[in-house]
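# Observations on chain architecture
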Amino acid sequence: EAGTAELAVRDLHGWYDESHVLHGINFDVRPGEVVTLLGRNGAGKTTTLKAIMGILSKRTGSVRFMGRELIGLPARAIARAGIAFCPEERGIFSSLSVEENLMLPPTIRDGGLSRDDVLGIFPNLRERLQSQGTKLSGGEQQMLAIGRILRTGAKFLLLDEPTEGLAPVIVQQIGATLRTLKQRGFTIVLVEQNFHFAASVADRHYVVEQGRVIDEISDAELAANTEKLHAYLGV
Ligand code: ATP
């Protein structure tokens, strides 16, 4: 099974200073899959993404990406290996225009999308090219944030709550975008609280609780088991 995984996370532990928050995370992501990490606030989902990306440096266990061990590598080397992280706060430069934000990311690997290719995926951004980051709606900011990481050439995307705070119609647009990216061969790990959205885009789901993966749910099971999910997520 490990041979078919693009990303294999095994017994991943992570700390903020002395505070031990990941207690042995295990999950796999196969090439071209969209997989979600579901769970309550504080369960450790964001920290898991940071630990994979090397932003959380105090971590142990194993994270194998295309067969290569990432634990011990700095974030820059992990980015060069082809993984990109889109944080919940989106990280776009508010004093720069949309165009400038799009031109900023370095191409880390071959195959990074061109400016025009990104605008093809996010046509809304084309009308906003000269707008400052601060003038964008939440949905436009999220599209810009995803567009920027597509420029780098990464094919494996870690997205932290892309739908947070967005209106339902924008959430649907983001969902359509993620399906497009999947069709184009990207692999995506998505942290989500909105399980309706998760069910609409993902192939499989992992439930995170207190720094551990406590369950794996197929998309069909998710649809048929909303009560179980309500219990997990405490909604
Ligand atoms: P959320 O949706 O609230 O981000 P999450 O599942 O992503 O939830 P994490 O943000 O990974 O949860 O948080 C896991 C635990 O680590 C929580 O107990 C949280 O309080 C703690 N934590 C998160 N960030 C820090 C930090 N910078 N320093 C210390 N503790 C932190």
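Data block above holds the structure.
Each value, and the rule that gives it
- Here, residues in each chain are numbered from 1, in the same order as that chain's written sequence.
- Totals for whole chains, interfaces and linings use all residues, but because this is a predicted model, local features are given only for residues with pLDDT of at least 70 and pairs of side-chain atoms are given and counted only at 80 or more.
- The side-chain values count all of the structure's non-hydrogen atoms but skip hydrogen atoms and water molecules.
- Take the buried Ala, Val, Leu, Ile, Met, Phe, Trp, Tyr and Cys residues and link them wherever side-chain atoms come within 4.5 Å; each set so joined is a nonpolar core.
- For the exposure calls, accessible area comes from a 1.4 Å probe over protein chains only, and a residue counts as buried if that area is under 20% of its type's maximum, exposed if over 50%, partly exposed in between.
- For helices the rule is a DSSP run of H or I covering at least 4 residues; for strands it is a run of E covering at least 2, with both sets numbered from the N terminus onward.
- Throughout, a residue-residue contact means that at least one pair of heavy atoms, one from each residue, lies within 4.5 Å.
- To estimate the expected span of a helix, count its residues, drop one, and scale the result by 1.5 Å.
- Directions are taken from the helix axis to each C-beta atom, and the arc is the one they span.
- Two rings from Phe, Tyr or Trp (for Trp, the six-membered ring) form a pair when their centres are within 6.5 Å of each other. A pair whose planes differ by under 30 degrees is stacked, one over 60 is edge-to-face, and the rest are tilted.
- In our convention, an over-ring charge means Lys NZ or Arg CZ found within 6 Å of a ring centre and within 35 degrees of that ring's normal.
- A pair of strands is treated as paired once DSSP finds two or more bridges between them.
- Note on geometry: axes are C-alpha line fits, over the in-contact stretch for helices, and angles between N-to-C directions span 0 to 180 degrees.
- Being near a molecule or strand, for a residue, comes down to having at least one heavy atom within 4 Å of it.
- Throughout this description, a polar contact denotes any pair of N or O atoms lying within 3.5 Å of each other; where both atoms belong to protein, one of them has to be capable of donating a hydrogen while the other can accept it, and for residues adjacent in sequence the pair is counted only when both atoms sit in side chains.
- Per-residue accessibility takes into account occlusion by the displayed protein chains alone, with areas from the Shrake-Rupley method and a 1.4 Å probe.
- The distinction between a cavity and a pocket rests on a 1 Å grid over the protein atoms alone: a 1.4 Å probe fits inside a cavity but cannot get out, while a pocket stays open yet meets protein on both sides within 12 Å along at least five of seven lines, and a residue with an atom within 4 Å of a point counts as lining.
- A cavity or pocket is said to hold a molecule if more than half of that molecule's atoms lie within 2 Å of its grid points.
- Any carboxyl oxygen of Asp or Glu within 4 Å of a side-chain nitrogen of Lys or Arg constitutes a salt bridge here.
- Grid points are joined across faces, edges and corners, and a volume is the space filled by probe spheres set on the points.
- Polar here means any residue other than Ala, Val, Leu, Ile, Met, Phe, Trp, Tyr, Cys and Pro, which are nonpolar, and Asp, Glu, Lys and Arg, which are charged; Gly is therefore polar.
- Each angle gets one of four labels, with under 35 degrees taken as roughly parallel, over 145 as roughly antiparallel, 65 to 115 as roughly perpendicular, and the rest as oblique.
- With the far helix as reference, a near helix turned anticlockwise by less than a right angle produces a left-handed crossing, and one turned clockwise produces a right-handed crossing.

So, on to the nonpolar core. Core analysis: the largest hydrophobic core is formed by 34 residues, its most contacted members being Phe122, Leu150, Leu157, Leu159, Leu178, Leu181 and Ile188. Looking at this core, the element that brings in the most residues is helix α6 (residues 138–151), giving six residues. In contact with Leu157, not counting residues within four places along its chain, are Ala84, Ile149, Leu150, Leu181, Phe186, Thr187, Ile188 and Val189. Leu7, Leu37, Ala79 and Ala81 belong to the second-largest nonpolar core, a separate cluster that totals 29 residues.

Taking 1.5 Å per residue, 16 residues should reach 22 Å; helix α7 (residues 168–183) reaches 23 Å between its end C-alpha atoms and fits that length. Burial in α7 covers these residues: Val171, Ile174, Gly175, Thr177, Leu178 and Leu181. The arc enclosing the buried residues of α7, seen along the axis, measures out at 160 degrees, which places them on a common side. Of the exposed residues in α7, those oriented more than 90 degrees away from the buried face are Val169, Gln172 and Gln183.

Counting across every chain of the model gives two aromatic pairs. Relative to Phe156, the ring of Phe65 has its centre 5.3 Å away and its plane inclined at 80 degrees; by these criteria the two rings are edge-to-face. Placement of Phe65 in strand β4 (residues 59–65) and of Phe156 in strand β7 (residues 156–160) is noted, with a sequence separation of 91 residues between them. The same class applies to Phe65 and to Phe156, which are both buried. Above the face of the Phe186 ring, Lys155 is positioned so that its terminal group lies 4.4 Å from the ring centre.

Right, let's talk about the sheet that holds strand β5 (residues 68–69) for a bit. Two pairing modes exist for strands in a sheet, parallel and antiparallel, and in both the strands are linked by backbone hydrogen bonds. As summarised here, the arrangement of the four strands in space is β2-β1-β4-β5, forming an open sheet in which the pairing is antiparallel. Only two strands of the sheet have a single neighbouring strand rather than two, namely β2 (19–29) and β5. Relative to β4, strand β1 (residues 7–16) is paired through six bridges, and the arrangement is antiparallel. Directly across from His13, in β4, lies its bridge partner Thr60. Contacting β1, β2 and β4, helix α1 (residues 45–53) runs over the sheet at an angle of about 75 degrees to β2.

Taken together, Tyr16, Val21, Arg40, Asn41, Gly42, Ala43, Gly44, Lys45, Thr46, Thr47, Glu161 and Gln193 form the complete shell of residues around the ligand. At 2.8 Å from an oxygen atom of the ligand is found a main-chain nitrogen or oxygen belonging to Gly42. Note that an oxygen atom of the ligand is positioned 2.5 Å from one of the side-chain N or O atoms of Thr47. Here the ligand, which alone exposes 630 Å², has 60% of that area covered by the protein. Judged by the proximity of its atoms to the pocket grid, the ligand belongs to the second largest pocket.

The tally for this structure, following the rule as stated, stands at ten salt bridges. Across the salt bridge formed by Arg115 and Asp116, the nearest N and O atoms sit 2.6 Å from each other. Through salt bridges with shared partners, one network takes in Arg30, Glu33, Arg204 and Glu216.

This part takes up the layout of surface pockets. As a volume, the second largest pocket reaches approximately 200 Å³. Contributing to the lining of the second largest pocket are 14 residues, with Asn41, Gly42, Ala43, Gly44 and Lys45 lying nearest its centre. In terms of residues, the lining of the second largest pocket owes the most to one element, α1, which gives three residues. Class assignment for the residues of the lining of the second largest pocket results in three nonpolar, eight polar and three charged.

The angle between the axes and the distance between the axes are what describe a pair of packed helices. Here α6 crosses α7 at 15 degrees, and the two axes come no closer than 10 Å. Classified by the angle their axes make, α6 and α7 are roughly parallel. Crossing of α6 over α7 shows right-handed handedness. Taking contact as the criterion, the partners of Gly139, Gln142, Met143, Ile146 and Leu150 in α6 are, on α7, Ile170, Gln173, Ile174 and Leu181. Here the contact of α6 with α7 is built from residues that sort into six nonpolar, three polar and no charged.

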